[in-house]
Amino acid sequence: MRILGIAGSVRRGSHNRRLLRAAGDSLPSGAQLVEWEGLGGLPIFDEDMELDPPVPVQDFLDEIERADAILIATPEYNASVPGGLKNALDWASRPFPENVLKDKPAAVIGASTGLFGAVWAQAEVRKALKASGAHVLENELPVGLADGAFDVDGSLADPELDSRLGDLLGD
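Residues numbered from 1 in each chain as written. Predicted model: local features only at pLDDT ≥ 70, side-chain atom pairs only at ≥ 80, totals over all residues. Heavy atoms only, no water.

A. Looking closely at the overall build of the protein chain. Summing up its helical and strand segments, the protein chain has five helices and six strands in all. From first element to last, N terminus to C terminus, the protein chain shows the α and β order β-α-β-α-β-α-β-α-β-β-α. The C-alpha radius of gyration computed for the protein chain amounts to 15 Å, which stays within 12% of the reference 16 Å derived for 171 residues, consistent with globular compactness. When burial is assessed residue by residue, the protein chain has 46% of its 171 residues classed as buried. In the protein chain, of all internal contacts separated by at least 6 residues, the share reaching a separation of at least 24 is 75%. Summed over all atoms, the accessible surface of the protein chain reaches about 8,500 Å², with 51% contributed by carbon and sulfur. (Helix = DSSP H or I, 4+ residues; strand = E, 2+ residues; numbered from the N terminus. Rg over C-alpha atoms; globule rule 2.2 N^0.38 Å. Buried < 20%, exposed > 50% of the residue type's maximum accessible area, 1.4 Å probe, protein only. Contact = heavy atoms within 4.5 Å. Areas by Shrake-Rupley, 256 points an atom, 1.4 Å probe, with all protein chains shown as cover.)

Below, the structure is given as structure tokens:
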């Protein structure tokens, strides 16, 4: 099984990229996480170009098409979804209803430096995915206080969170 991992942050040292990598280490046997790193290169969504998207967008759509499932790790900016991630989801949702997200299994997790682990952003990403036709797991994994949430080896420091991550990925 090929799972496309999308981090909603392009920042070096992104907690959500670390969370994706921890997820990759927790996947069941036979599953592989492939990280997509093109978020910062997508142009702003333009409905005039949806039928003939620019190359970076087409590459992104092709990656989703090749994936058996999607795992998104999102931070929370201003109590919502980061703009770049929302832009990517807008591209992937078109043309509607026949788009690359239709019937695609998807899960959303998130990390933030605040206490609540990006729960609002996770809910917004799940909502956008559902509206696009994806099959979205309702489970969430909020990783709060992310500055101290990871061990040196990249795993989650809290055994309960690590167990919940494994459970979510096994679903």
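Picking up after the structure, the text goes on.
B. Spatial organisation of the pairing of strand β2 (residues 32-36). In this structure, strand β1 (residues 2-7) lies alongside β2, joined through five bridges in parallel fashion. Looking at the pairing, I6 lines up with W36 of β2. Handedness of the β-α-β unit built from β1, helix α1 (residues 15-26) and β2 comes out right-handed. (Pairing = 2+ DSSP bridges. Right-handed = clockwise from strand over helix to strand, strands pointing away.)

C. Inspection of the pattern of salt bridges at higher detail. Under the defined criterion, the tally for this structure stands at 11 salt bridges. The shortest N-O distance in the salt bridge between E63 and R66 comes to 2.5 Å. With E63 and R66 both in helix α2 (residues 55-66), this residue pair falls three residues apart, about one helical turn. The partly exposed category is assigned to R66, whose relative accessible area is 47%. In this structure, K86 engages D90 in a salt bridge whose closest nitrogen and oxygen atoms are separated by 2.5 Å. On the criterion of helical spacing, the pair formed by K86 and D90 is a turn pair, its members being four residues apart in helix α3 (residues 83-92). According to the relative accessible area criterion, K86 is partly exposed, its value standing at 36%. Among the charged side chains, a network of salt bridges with common partners joins R2, E63 and R66. (Salt bridge = Lys/Arg side-chain N within 4 Å of Asp/Glu carboxyl O.)

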